[in-house]
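# Tertiary structure, described
One-letter residues, chain by chain:
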Amino acid sequence: MLVKRETLIPTSYSVILAVSGTHLINDLIQFLLPALYPVFKSQYSLNYFQLGLLTLAQQITACILQPLMGLYGDIKPKPYTLAVSLGVVAVGIVMLATANSFPLLLLAAIVLGTGSALFHPEASRVCRMASGGKLGFAQSSFQVGGNVGTALGPLAAALFVLPLGQISTVWFGLFAVLGVIILLWVARWFSNHQRIMQSTAAPQISLPQMPRKRLIFAFAIIGALLLSKFVYIETFKSYYAFFLIEKFELGIQEAQTMLFVFLGAVAVGTFVGGPVGDRIGRRKVIWVSIVGALPFALILPHANLMGTIALSIFVGLILASAFSAIVVYAQELLPQKVGMVSGFVFGFAFGVGALGAAALGALADQVGMQQMYNYMSILLCLGFLTVFLPDIE
């Protein structure tokens, strides 16, 4: 049985750049929550488990809503959903700035997660539309915007939010408003693209459809790989500052700067993974990425400060290169349901990462942060399941 892949149009670099830029804004604002964890821990007497619950509240919302929003977009595309999403994010960051208790912080985290859930499936779909067949490049460009935003989060916290206090995060709502303006322009392009696709008589490319059982098995493997990658990365992001403070007695601002270095490496690795996947195959990138990071992750908890920083860079570079390849590989499995697949991948990744971060935060309360870092490296062993992914290229 054959299914049709979308007609290709020339690559629209301006649209890809616009969506990547708004991804930067969204993820910068989203990461202000974990970047403020050291402040919340001392100001509101929160433990690691409660901090993990904030991550869970933010990410589990995205986990539940993203596949549903993606499927709805497949059936009834709504170009202006993207602009609405950053409007919701703007509301969330104002709530975060003014929250004065754990329940209110939890509510702010949920609103931020809702905005992110609305954003990612449609943004991924638009980048695929604008790719002109350069699927890995487009997806990597989209992802690297988010990674740069995430990397800037702790830097913004160290230079701006921590000195000025929690209330200063309200100013980041202006970035969300800028994102809304950009996405209104993208929405108009989206609408024009739909009209072109409906009127064009260009030939379409056909792909073989995988049997249902094999498809379910492939997505189960993808789920395990996402668990391996995102529980590790979300836990690393949430607690790396505490790890450095506990082990090396760094100050909060120094620790946040080191987190910026790790997240910068993640951004670079994300961008490299997509184009490389276009050239050598996505399955190969997935295989090398997740398993390749394992030895560095195992050594990292036992290194000195400079070694820890260097190893965190290697882990970030290698591990992050898999995600764009995983997204495009999953889209190729079901090219007729790009939105739903994108929502599943993003939603599951965020959700399982948040659950894992909460669970490992509870573990850190019991055994200590350094010991927890020893244990979580074992997660990357799930990368060996890549060998069972069907070869569809």
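Residues numbered from 1 in each chain as written. Predicted model: local features only at pLDDT ≥ 70, side-chain atom pairs only at ≥ 80, totals over all residues. Heavy atoms only, no water.

This part is about the overall build of the protein. Assigned secondary structure in the protein consists of 14 helices and two strands. Taken against the 2.2 N^0.38 rule, which gives 21 Å for 393 residues, the C-alpha radius of gyration of the protein at 20 Å falls within 12% of a compact globule. The principal-axis extents of the C-alpha atoms in the protein amount to approximately 65 × 45 × 30 Å. A buried classification covers 58% of the 393 residues belonging to the protein. A separation threshold of at least 6 residues defines the contact pool for the protein, and within that pool the share at least 24 residues apart is 86%. With the model as given, the accessible surface of the protein reaches about 15200 Å², and the carbon-plus-sulfur share is 70%. (Helix = DSSP H or I, 4+ residues; strand = E, 2+ residues; numbered from the N terminus. Rg over C-alpha atoms; globule rule 2.2 N^0.38 Å. Buried < 20%, exposed > 50% of the residue type's maximum accessible area, 1.4 Å probe, protein only. Contact = heavy atoms within 4.5 Å. Areas by Shrake-Rupley, 256 points an atom, 1.4 Å probe, with all protein chains shown as cover.)

This brings us to empty space enclosed by the protein. Scanning the entire structure with this criterion turns up three cavities of 30 Å³ or more. Of the pockets and cavities examined, the largest cavity occupies roughly 380 Å³. Lining the largest cavity we find 24 residues, and of these D27, T150, E234, K237 and F350 sit closest to its centre. Of all the elements in the fold, those that place two or more residues in the lining of the largest cavity are helix 1 (13-35), helix 3 (48-75), helix 5 (102-129), helix 6 (135-164), helix 8 (212-248), helix 9 (252-280), helix 12 (305-333) and helix 13 (338-367). The computed volume of the second largest cavity comes to approximately 40 Å³. Of all the secondary structure elements, the ones that give two or more residues to the lining of the second largest cavity are helix 2 (37-43), helix 8 and helix 9. Per-element accounting of the lining of the second largest cavity gives the leading share, four residues, to helix 8. Of the residues that constitute the lining of the second largest cavity, the class distribution is six nonpolar, two polar and one charged. (1 Å grid on protein atoms, 1.4 Å probe; cavity = no way out; pocket = protein on both sides within 12 Å on 5 of 7 lines; lining within 4 Å. Points joined across faces, edges and corners; volume = space filled by probe spheres on them. Nonpolar A, V, L, I, M, F, W, Y, C, P; charged D, E, K, R; others polar.)

Moving on, we come to the environment of I392. As for its placement among the helices and strands, I392 is situated in the segment after helix 14 (369-376). Here the alpha-carbon distance between I392 and K76, two residues 316 residues apart in the chain, equals 28 Å. Here I392 is in contact with M210, Y329, E332 and L333, once residues within four sequence places are set aside.

This brings us to the packing of aromatic side chains. Enumeration according to the criterion identifies 18 aromatic pairs in this entry. These aromatic residues form a ring-pair network of at least three members: Y232, F236, Y240, F243, F262 and Y373. The ring of F230 carries K229 above its face, with NZ or CZ at 5.2 Å from the centroid. (Phe/Tyr/Trp six-rings, centres within 6.5 Å; stacked < 30°, edge-to-face > 60°. Lys NZ or Arg CZ within 6 Å of the ring centre and 35° of its normal.)

Attention now goes to the confidence of the model for the protein. For the protein, mean pLDDT is 84; residues scoring 70 or higher make up 94% of the total. Here strand 1 (residues 2-5) stands out as the element of the protein with the lowest mean pLDDT, 44, in contrast to helix 11 (residues 294-299), whose mean of 94 is the highest. Scored below 50 in pLDDT, residues 1-6 makes 23 contacts in the model with residues more than four places away or belonging to other chains. (pLDDT = per-residue confidence, 0-100.)

This brings us to the packing of helix 5 against helix 13. A pair of packed helices is characterised by two quantities: the angle between their axes and the separation of those axes. The N-to-C vectors of helix 5 and helix 13 enclose an angle of 135 degrees; their axes lie 9 Å apart at closest approach. Classed by the angle they form, the pair helix 5 and helix 13 counts as oblique. As for the relative orientation of helix 5 and helix 13, their crossing is right-handed in sense. Where helix 5 approaches helix 13, its residues S116, H120, P121, S124, R125 and R128 are matched on the opposing element by V338, G339, S342, G343, F346 and F350. Per-class residue counts for the contact of helix 5 with helix 13 are four nonpolar, six polar and two charged. (Axes fitted to C-alpha atoms, helices over the stretch in contact; angles between N-to-C directions. Parallel < 35°, antiparallel > 145°, perpendicular 65-115°, else oblique. Left-handed = near helix turned anticlockwise from the far one by under 90°.)

Packing of helix 13 against helix 14 brings their axes to within 7 Å, and their N-to-C directions diverge by 130 degrees. Looking at the two axes, helix 13 sits oblique to helix 14. Along this stretch, helix 13 crosses helix 14, giving a crossing that reads as right-handed. Between helix 13 and helix 14, the residues in contact are L360, L363, A364 and V367 and M369, Q371, M372, Y375 and M376, respectively. Of the residues assigned to the contact of helix 13 with helix 14, the class counts are eight nonpolar, one polar and no charged.

As a further point, take a nonpolar patch on the surface. Taken together, F217, W287, V288, F384, V387 and F388 make up a surface patch of nonpolar side chains, about 580 Å² in accessible area. With respect to the element layout, V387 can be found in the segment after helix 14. Residue V387 is classed as partly exposed on the basis of its relative accessible area, which comes to 47%. (Patch = residues over 30% accessible without salt bridge, like charges linked within 9 Å, V, L, I, M, F, W, Y side chains within 5 Å. Salt bridge = Lys/Arg side-chain N within 4 Å of Asp/Glu carboxyl O.)

Here we take up unusual backbone geometry. Within the chain, S45 stands out as a residue other than glycine whose phi angle is a positive 55 degrees. By secondary structure assignment, the location of S45 is in the loop between helix 2 and helix 3. Residue class for S45 comes out exposed when judged on its relative accessible area of 62%. Residues other than glycine seldom take positive phi values, yet E249 does so here, at roughly 55 degrees.

Now for the pattern of salt bridges. For the structure on display, the rule yields three salt bridges. A salt bridge links E234 to K237; the shortest N-O distance between them is 3.1 Å. Taken as a pair, E234 and K237 lie in helix 8 at a separation of three residues, close to a single helical turn. E234 sits in the buried class, given a relative accessible area of 5%.

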